[in-house]
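# A look at the structure
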Amino acid sequence: MSETKNLLVTGGTGFIGSNFIHYVTAHEPSWNIVNLDLLTYAGHLENLSDIPNDKYSFIKGDICDKELVEKILSDYQIDTIVHFAAESHVDRSIEGPGAFVQTNIVGTYNLLEVARQYWKNNGGYDGKRFHHVSTDEVFGMLKKDDPAFTEENPYSPNSPYAASKASSDHLVRSYQHTFGLPTTITNCSNNYGPYQFPEKLIPLIILNAVNGKPLPIYGDGLQIRDWLFVEDHCEAIVTVLKNGVVGETYNIGGENQFPNLEIVKKICHLIDEYLPESPHYPHEKLITYVKDRPGHDFRYDMNITKIRRELGWSPKFSLEKGLAFTVNWYLNHQDWIENVTGSKAFSDWIIKNYQKREK
Ligand code: NAD
Ligand code: DAU
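First things first, this report covers the structure right here in the doc. In every chain, residue numbers begin from 1 and rise along the written sequence. Chain letters start at A and ligand numbers start at 1, both assigned in the order the entries are written. Given that this is a predicted model, residues contribute local features only at a pLDDT of at least 70 and side-chain atom pairs are listed and counted only at 80 or more, while totals for whole chains, interfaces and linings are drawn from all residues. As a convention, hydrogens and water are excluded, and side-chain values are obtained from all of the structure's heavy atoms.

### Comments concerning the packing of helix H4 (residues 98-121) against helix H5 (residues 160-179)
When two helices pack together, their arrangement is given by the angle between the helix axes and the distance between those axes. In contact at an axis separation of 8 Å, H4 and H5 are set at 15° when each is read in the N-to-C sense. By the criterion of interaxial angle, the relationship of H4 to H5 is roughly parallel. Once H4 is placed against H5, the crossing between them reads as right-handed. Taken together, the residues of H5 that come into contact with H4 (itself represented by Phe100, Asn104, Ile105, Thr108, Tyr109, Leu112, Glu113 and Arg116) are Tyr161, Ser164, Lys165, Ser167, Ser168, Leu171, Val172, Tyr175 and Phe179. In this classification, Asp, Glu, Lys and Arg are treated as charged, Ala, Val, Leu, Ile, Met, Phe, Trp, Tyr, Cys and Pro as nonpolar, and every other residue, Gly included, as polar. For the contact of H4 with H5, the class distribution of residues is nine nonpolar, five polar and three charged. Axes here refer to lines fitted to C-alpha atoms; in helices the fit is confined to the stretch in contact. Angles between the N-to-C directions go from 0 to 180 degrees. Put simply, DSSP marks the helices as runs of H or I at least four residues long and the strands as runs of E at least two long, and each gets a number from the N terminus on. Here is the rule for angles: anything less than 35 degrees is roughly parallel, anything more than 145 is roughly antiparallel, 65 through 115 is roughly perpendicular, and the remaining ranges are oblique. Crossing handedness follows the turn of the near helix against the far one: under a right angle anticlockwise gives a left-handed crossing, and clockwise gives a right-handed one. When checking whether two residues touch, look at their non-hydrogen atoms; a contact exists if any pair is within 4.5 Å.

### Considering the environment of Ala148
Looking at where Ala148 falls in the secondary structure, it is placed in the loop between strand E5 (129-135) and H5. For Ala148 and Met302, which are 154 residues apart along the polypeptide, the C-alpha to C-alpha distance reads 5.1 Å.

### Here's the deal with H4
What a helix is expected to span follows from its residue count: subtract one and scale by 1.5 Å. Its 24 residues give H4 an end-to-end C-alpha distance of 33 Å, which sits within 8% of 34 Å, the value for a rise of 1.5 Å per residue. Values of bend correspond, residue by residue, to the angle between axes fitted over the seven residues ending at that residue and the seven starting there. Approximately 25° is the largest bend angle found in H4, and it occurs at Gly107. Gly123 occupies a position one or two residues after H4 and carries a positive phi of about 100°.

### Things to note about the site of ligand 2
Surrounding ligand 2, one finds 23 residues, the nearest of these being Asp136, Tyr161, Arg293, His296 and Tyr354. By the criterion applied in these results, polar contacts are pairs of N or O atoms within 3.5 Å in which, for protein atoms, one can donate a hydrogen and the other can accept it, and in which residues neighboring in sequence qualify only through two side-chain atoms. Interatomic distance of 2.9 Å between a side-chain N/O atom of Glu137 and an oxygen atom of ligand 2. Side-chain polar atom of His296 to an oxygen atom of ligand 2: 2.7 Å apart, as the coordinates give it. In this description, accessible areas are obtained by the Shrake-Rupley approach with a 1.4 Å probe, and a residue is regarded as covered only by the protein chains that are shown. The protein chains hide 94% of the 690 Å² of surface that ligand 2 would expose on its own. Residues are classed as near a molecule or strand on a simple rule: at least one heavy atom within 4 Å of it.

### Re the pattern of salt bridges
Any carboxyl oxygen of Asp or Glu within 4 Å of a side-chain nitrogen of Lys or Arg constitutes a salt bridge here. For the structure on display, the rule yields 16 salt bridges. Residue Glu248 is joined to Lys306 by a salt bridge in which the shortest nitrogen-to-oxygen separation is 2.5 Å. Taken together, the positions of Glu248 in the loop between helix H7 (230-243) and strand E11 (249-252) and Lys306 in helix H9 (residues 305-311) put the pair 58 residues apart, joining distant regions of the chain. Per-residue accessibility, obtained with a 1.4 Å probe over protein chains only, is compared with the maximum for each type, and a residue is labelled buried under 20%, exposed over 50%, and partly exposed between these values. With a relative accessible area of 11%, Lys306 lands in the buried category. The structure contains a network of salt bridges with shared partners spanning Asp91, Arg293 and Arg357.

### Let's talk about a nonpolar patch on the surface
There is a patch of nonpolar side chains on the surface, built from Val101, Val106 and Tyr109 and spanning about 220 Å² of accessible area. Here Val106 is to be found in helix H4. Given the relative accessible area of 32%, Val106 is considered partly exposed. Residues forming no salt bridge and having over 30% relative accessible area are the ones grouped into patches, like charges within 9 Å of each other and nonpolar side chains (Val, Leu, Ile, Met, Phe, Trp, Tyr) within 5 Å.

### Here's the deal with the packing of aromatic side chains
For Phe, Tyr and Trp, where Trp contributes only its six-membered ring, two rings pair if their centres lie within 6.5 Å, and the inter-plane angle classes them as stacked under 30 degrees, edge-to-face over 60, or tilted in between. Evaluated as defined, the whole model comprises 17 aromatic pairs. Grouped by ring-pair contacts, the aromatic residues Tyr192, Trp227, Phe229, Phe317 and Phe325 constitute a single cluster. Between Arg92 and the ring centre of Tyr41, over which it is positioned, the NZ or CZ distance is 3.6 Å. Geometrically, a charge over a ring is one whose NZ (Lys) or CZ (Arg) sits within 6 Å of the ring centre while staying within 35 degrees of the ring normal. Taking NZ or CZ as reference, Lys306 lies 4.8 Å from the ring centre of Tyr250, over its face.

### Comments concerning the site of ligand 1
Around ligand 1, the surrounding shell holds 28 residues, and the nearest of these are Ile16, Asp37, Ser88, Tyr161 and Lys165. Gly14 is positioned with one of its backbone polar atoms (N or O) 2.9 Å from an oxygen atom of ligand 1. Within the backbone of Leu38, one N or O atom sits 3.1 Å away from a nitrogen atom of ligand 1. The protein chains hide 96% of the 840 Å² of surface that ligand 1 would expose on its own. Contributing elements (two or more residues each) for the shell around ligand 1: helix H1 (15-27), E5 and H5. Ranked by residues supplied to the shell around ligand 1, first place goes to E5 with three residues. Of the residues assigned to the shell around ligand 1, the class counts are twelve nonpolar, 13 polar and three charged.

Below, the structure written as structure tokens:
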């Protein structure tokens, strides 16, 4: 069994954070977890309703609240921070970038600053770790035949979301370089899997297909993403927490590059197979081309040679396996879907984002 850790997970009620808490609970039973989450529109306590309380605590609060973060580090003797909390949706960052600057940049600065001072004054940095969860979008976009991003690619973020994540990565790097804070960063490609809020492509398509609604394809649908099943991402982060080298960044990806249109068709075929009696069969006929996302990045692809070679991690789930699991999960979790999509805030977002895209 591995050494005990006391984790502060920020944003643990969102998509990847909640999968991470499930993963750690199952695979690292000696680790204690405190989940600090503001419960924005993207955070849902339902995602963690089956997590036992003996090694897990939830605190509702803002990563921008210095006093609260310091109290948590002290009360729970936190030695490891795993920082997921963020505004994460590119389309929302185009609609309103302010929240992205506040949470992703100021919030990360705040966590770094509290960790730096609290740990320095309470036993030092030995045995401590600040792990920052970031994205492939900081590298900008690739053309069709460009080689995949490596850790050495220059940053070139294109959306306000990507720029806010790039800023936070730079802050993390600077705290390591200047103050010696023991940090690691992972930059990951597009995740999919259970508990993903249905504003993102894959869960939105599943929901709309099942309900016979249009399946909105931005532009020509030929943009390419590198898809990773969320459990693989969680395993990679745990690997970096255990064996990653302080000061290093690691790319994480699925080695599964597909154009959006192909992903959507794959989902339609799976739903055809699982719901052959559906009045919306064949679901592909629901595909609808809509106005493109402004500044839409054409392609991301992660070169994962470093994490594979140095830490022995590589993804376990093929796209076929991960997608089949995911579609099944959504088909079997109607209650969860109704809970997280039942709010006026969700329907307002769908109207706002898709009405303006009608051609
Ligand atoms: P998400 O939007 O599903 O969840 C974000 C969580 O952060 C929510 O629970 C929300 O309530 C919480 N939060 C937001 N602002 C907060 C604040 N000020 N204080 C405390 N909590 C706050 O996001 P996700 O898709 O799970 O992404 C998690 C992290 O992983 C993000 O940092 C994102 O940039 C990164 N990432 C995501 C992907 C992806 O494909 N989803 C890929 C690579 C990296
Ligand atoms: O690459 C990692 C990033 O992946 C993460 O950092 C972000 O947090 C995460 O949201 C995701 O960003 P994307 O913009 O790639 O994900 P999204 O699901 O919003 O869109 C995936 C692709 O599908 C993208 O090319 C836009 C397109 N799309 C999306 C939606 C919501 C559509 O064609 N139609 C849609 O309705």
